[in-house]
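Analysis of the macromolecular model
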Amino acid sequence: MSTPESGPPAGQAENLPTVAPQLRALRRRASLTLEAAAGAAGLSPAHLSRLETGQRQPSLPMLLALARIYGTTVSELLGESVAERDAIVRGADMEATRAGGWTYYQAGSAGRGMQTLRVRVPHGFQGDIVRVHPGEEWLYVLKGRLRLRLGDTTHLLAPGDSAHFDSLTPHRIAAEDPDGLELLFVHTLLQSPTAALCLGPHTGEMP
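Structure report, in brief.

Each value, and the rule that gives it
- Residues numbered from 1 in each chain as written.
- Predicted model: local features only at pLDDT ≥ 70, side-chain atom pairs only at ≥ 80, totals over all residues.
- Heavy atoms only, no water.
- Helix = DSSP H or I, 4+ residues; strand = E, 2+ residues; numbered from the N terminus.
- Buried < 20%, exposed > 50% of the residue type's maximum accessible area, 1.4 Å probe, protein only.
- Contact = heavy atoms within 4.5 Å.
- Polar contact = N/O pair within 3.5 Å; in protein donor to acceptor, adjacent residues only side chain to side chain.
- Phe/Tyr/Trp six-rings, centres within 6.5 Å; stacked < 30°, edge-to-face > 60°.
- Lys NZ or Arg CZ within 6 Å of the ring centre and 35° of its normal.
- Pairing = 2+ DSSP bridges.
- Axes fitted to C-alpha atoms, helices over the stretch in contact; angles between N-to-C directions.
- Core = buried A, V, L, I, M, F, W, Y, C linked by side-chain atoms within 4.5 Å.
- Salt bridge = Lys/Arg side-chain N within 4 Å of Asp/Glu carboxyl O.

**Section: the overall build of the chain**
Per the secondary structure count, the chain includes 5 helices and 11 strands. Out of the 207 residues in the chain, the part that is buried amounts to 36%. If you take every contact in the chain between residues at least 6 apart in sequence, the share linking residues at least 24 apart comes to 66%.

**Considering the environment of Trp102**
In this fold, Trp102 is placed in strand S2 (residues 102-106). Relative accessible area serves as the criterion here: at 4%, Trp102 is assigned to the buried category.

**Focus: the side chain of His171**
Tracing the backbone shows His171 in strand S9 (residues 171-175). What makes His171 buried here is its relative accessible area of 0%. Reaching out from His171, the side chain makes a polar contact with the side chain of Glu137 at a distance of 3.2 Å. At a separation of 2.7 Å, a polar atom in the side chain of His171 contacts the main-chain carbonyl oxygen of Thr169.

**Some points on the packing of aromatic side chains**
Counted by the stated rule, this structure contains 2 aromatic pairs. Here the aromatic rings of Trp102 and Tyr104 are separated by 6.0 Å at their centres, their planes lie at 35°, and the arrangement is tilted. Residue placement shows Arg118 over the ring face of Tyr105; its charged tip is 4.4 Å from the ring centre.

**Some thoughts on the pairing of strand S5 (residues 136-143)**
Pairing geometry for S5 and strand S8 (residues 162-166), over 5 bridges, is antiparallel. Looking at S8, one finds that Glu136 is bridged to Asp166.

**A word on the sheet that holds S5**
Judged by pairing direction, the sheet is antiparallel, and its 6 strands sit side by side in the order S1-S2-S3-S10-S5-S8 without closing on themselves. Lying at the two open borders of the sheet, with one neighbouring strand each, are strand S1 (96-99) and S8. Across this sheet, the average inter-strand angle for adjacent strands is 25°, counted without regard to direction. Pairing of S5 with strand S10 (residues 181-187), which is carried by 6 bridges, proceeds in the antiparallel orientation. Its bridge partner being in S10, Val141 is matched across the sheet by Leu183.

**So, the nonpolar core**
If you look at the biggest cluster of nonpolar residues, it comprises 19 residues, and the most contacted ones within it are Val119, Leu139, Leu146, Leu148, Ile173 and Leu183. When residues of this core are traced back to their parent elements, those giving at least two are S2, strand S3 (115-121), S5, strand S6 (146-150), S8, S9 and S10. Setting aside chain neighbours within four positions, we find Leu139 in contact with Leu146, Leu148, Asp161, Ser162, Ala163, Phe165, Ile173, Leu183, Leu184 and Phe185. Within the second largest apolar cluster, 17 residues are counted, among which are Met62, Leu63, Ala65 and Ala67.

**Some thoughts on the pattern of salt bridges**
Going through the model one piece at a time under the given rule, you end up with 6 salt bridges. In this structure, Arg118 engages Glu182 in a salt bridge whose closest nitrogen and oxygen atoms are separated by 2.9 Å. A residue pair is termed long-range when its members are at least 10 positions apart, and Arg118 in strand S3 and Glu182 in strand S10 qualify at 64 residues. Its relative accessible area of 19% is what places Arg118 among the buried residues. For Arg145, the salt bridge identified is with Asp177, shortest N-O distance 2.8 Å. Of the two residues, Arg145 is situated in the loop between S5 and S6 and Asp177 in the loop between S9 and S10; the sequence distance between them amounts to 32 residues. A residue is classified by how much of its surface remains accessible, and Arg145, at 33% relative accessible area, is partly exposed. Given the relative accessible area of 19%, Asp177 is considered buried.

Right, here's the structure in full:
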């Protein structure tokens, strides 16, 4: 089994395009130091430096890891053209995605460093799900009341209230009212599906 720092098998490296300039440019676009990017990808800074200078060619697992860290795609890492992103998202064009009883609407452009969603949370769904993930999270309540658990503290948010927190803090979201709630949700975990943010039930009770 290959390790994260293993290169492609012999005979395949020459078939990979030269990605060195793109790797460095995308790391800098993500405002990451060599050390920070290497640590997140499970590489040594020296190994990542060799990738960025063309002394080594990355394996597919490396490309997948770096694409996730830089908030992009493997295609862009390989220098392939990326479709122009539309700055405007029309409400009529937002398609609903349902997971765990929640309804998500993509409210931002795909392929950005932040993911923006409009979310409808019915009463009684996912109130026992704890979320922990890298990045930051911002919530703004549009309709209904939100019961937000951050670590050991519970907050009740009304329409017009917002919360901005480090999403490594264990957090839970629940609708306080029988009619549910609607909120705007922005987070920096670009590559993960919304349903994957749920880590499992919390053993305690929501106060």
